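# Structural characterization, general
Okay, here's what each chain looks like letter by letter:
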Amino acid sequence: MLYSNNLFIFSSNKKFMFSQIEENFMRVALNEAKNCYSRGDLPVGAVLTINDNLEGVGGNSAKTNRDWTSHAEISLLSRVSWKMKGNPKGISKLYTTWEPCLMCTGASVLSRVDEIIYACPDPIGGMSKVDSSNLGYWNEKHWPVFKEGPFREESYNLLINYMKENEKHWGTFLKNFKR
Ligand SMILES: [Zn+2]
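To start, this report covers the structure provided alongside it. What you see as residue numbers is a count from 1 along each chain, following the sequence as written. Reporting of local features is limited, given that this is a predicted model, to residues whose pLDDT is at least 70; pairs of side-chain atoms are given and counted only at 80 or more, and all residues count toward the totals for whole chains, interfaces and linings.

## Brief notes about unusual backbone geometry
- Of note in the backbone geometry, Asn 51 takes a positive phi value of approximately 50° without being a glycine.
- Assignment of secondary structure puts Asn 51 in the loop between β3 (45–50) and β4 (53–59).
- For Asp 52, which is not glycine, the phi dihedral falls at a positive 65°.
- Helix and strand labels come from DSSP, where a helix needs a run of H or I of at least four residues and a strand needs a run of E of at least two; each type is numbered from the N terminus. One can find Asp 52 in the loop between β3 and β4.
- Between the buried cut of 20 or more and the exposed cut of 12 or fewer other C-beta atoms within 10 Å of a residue's own C-beta lies the partly exposed class, and all C-beta atoms are placed from the backbone. We classify Asp 52 as partly exposed; it has 15 C-beta atoms within 10 Å.

## Some details on the sheet that holds β4
- Spatially, β4-β3-β5-β6-β7 is the arrangement adopted by the 5 strands of the open sheet, whose pairing is mixed. The sheet is open, and its two edges are formed by β4 and β7 (145–148), each paired on a single side. Within the sheet, the average angular offset between the axes of one strand and its neighbour, ignoring direction, is 20°.
- It is the C-beta atoms, placed from the backbone, that decide contacts: two residues are in contact if theirs lie within 7 Å. Fitted lines through C-alpha atoms serve as axes, helices being fitted only where they are in contact, and the angles separating the N-to-C directions of these axes extend from 0 to 180 degrees. Seen against the sheet, helix α6 (residues 152–165) touches β5 (92–98), β6 (115–120) and β7 and runs at an angle of roughly 65° to β6. Should DSSP find at least two bridges between two strands, the strands are taken to pair.

## Quick word on the environment of Ile 117
- Examined against the element boundaries, Ile 117 turns out to sit in strand β6.
- It is 6.2 Å that separates the C-alpha atoms of Ile 117 and Leu 94, two residues lying 23 residues apart in sequence.
- Residues contacting Ile 117, with those up to four places away along its chain left out, are Glu 22, Met 26, Lys 93, Tyr 95, Lys 147 and Gly 149.

## Section: the pairing of β3
- The element β3 is largely enclosed, with a buried count of 6 among its 6 residues.
- Residues Gly 45, Val 47 and Thr 49 of β3 are buried on one face, and the alternating residues Ala 46, Leu 48 and Ile 50, pointing to the opposite face, are buried as well.
- Relative to β4, β3 runs antiparallel, the two sharing 6 bridges. Note on β4: the bridge partner recorded for Thr 49 is Leu 54.
- The antiparallel hairpin formed by β3 and β4 contains 2 residues in its connecting segment, where Asn 51 sits at a positive phi of about 50°.
- In terms of strand pairing, β3 meets β5 through 5 bridges, oriented antiparallel.

Here it is in C-alpha cells:
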C-alpha cells in the first residue's frame, strides 16, 4: 500500500480510498479555496507536502491578479519548486481541490511532484486521464500519479456556485461541467 497509515475512509461514491492524513491536507486546501471564493476568485486551493510535511498553500488569484494563469497550483509551485528538487528529496504530493489543468500538470512535472491528489474531477480540462506514454520519454518518466481524494462534493459545490455567480466568464464552461 502506498498510504502512510492504516486508516482508510471511503468517499461518497465508494470508489476511492484515502487516508486520514490526506483528508487533513485536503481540508487545508479546501479552506484556501473558500478564501478564494470570499475575495471573488475561482475557489481552488492547493497544498504541497514533502514526506507528509506541509510545505506551502496556494489559492487561485486569476481575478485578483487579472491573470488567467494565476492558478492555485502555479502560485504554490512557483514558491516551493526549487526546494523540491533539492537534496534529499522526499515524496512530494500536491493536493488540489480541482483536478489540475495542462499548465499546472506541466509545472508539476517540472517540479517533480510525485503524486497529485484532487478533490473534484474536471472531465473537460483535467489531466488525470492523459496517457503520458504519448508525451515522450521525459514527460513519461516524471509524470505524477493522479488520485481522486476527499471533499469531492464540497469542492464541486463551491465551483458551481462561483461559476453561476460569474456566468459572464464561466457560463459556457458551466454548461459542460458535470460531476
Ligand atoms: Zn491549472
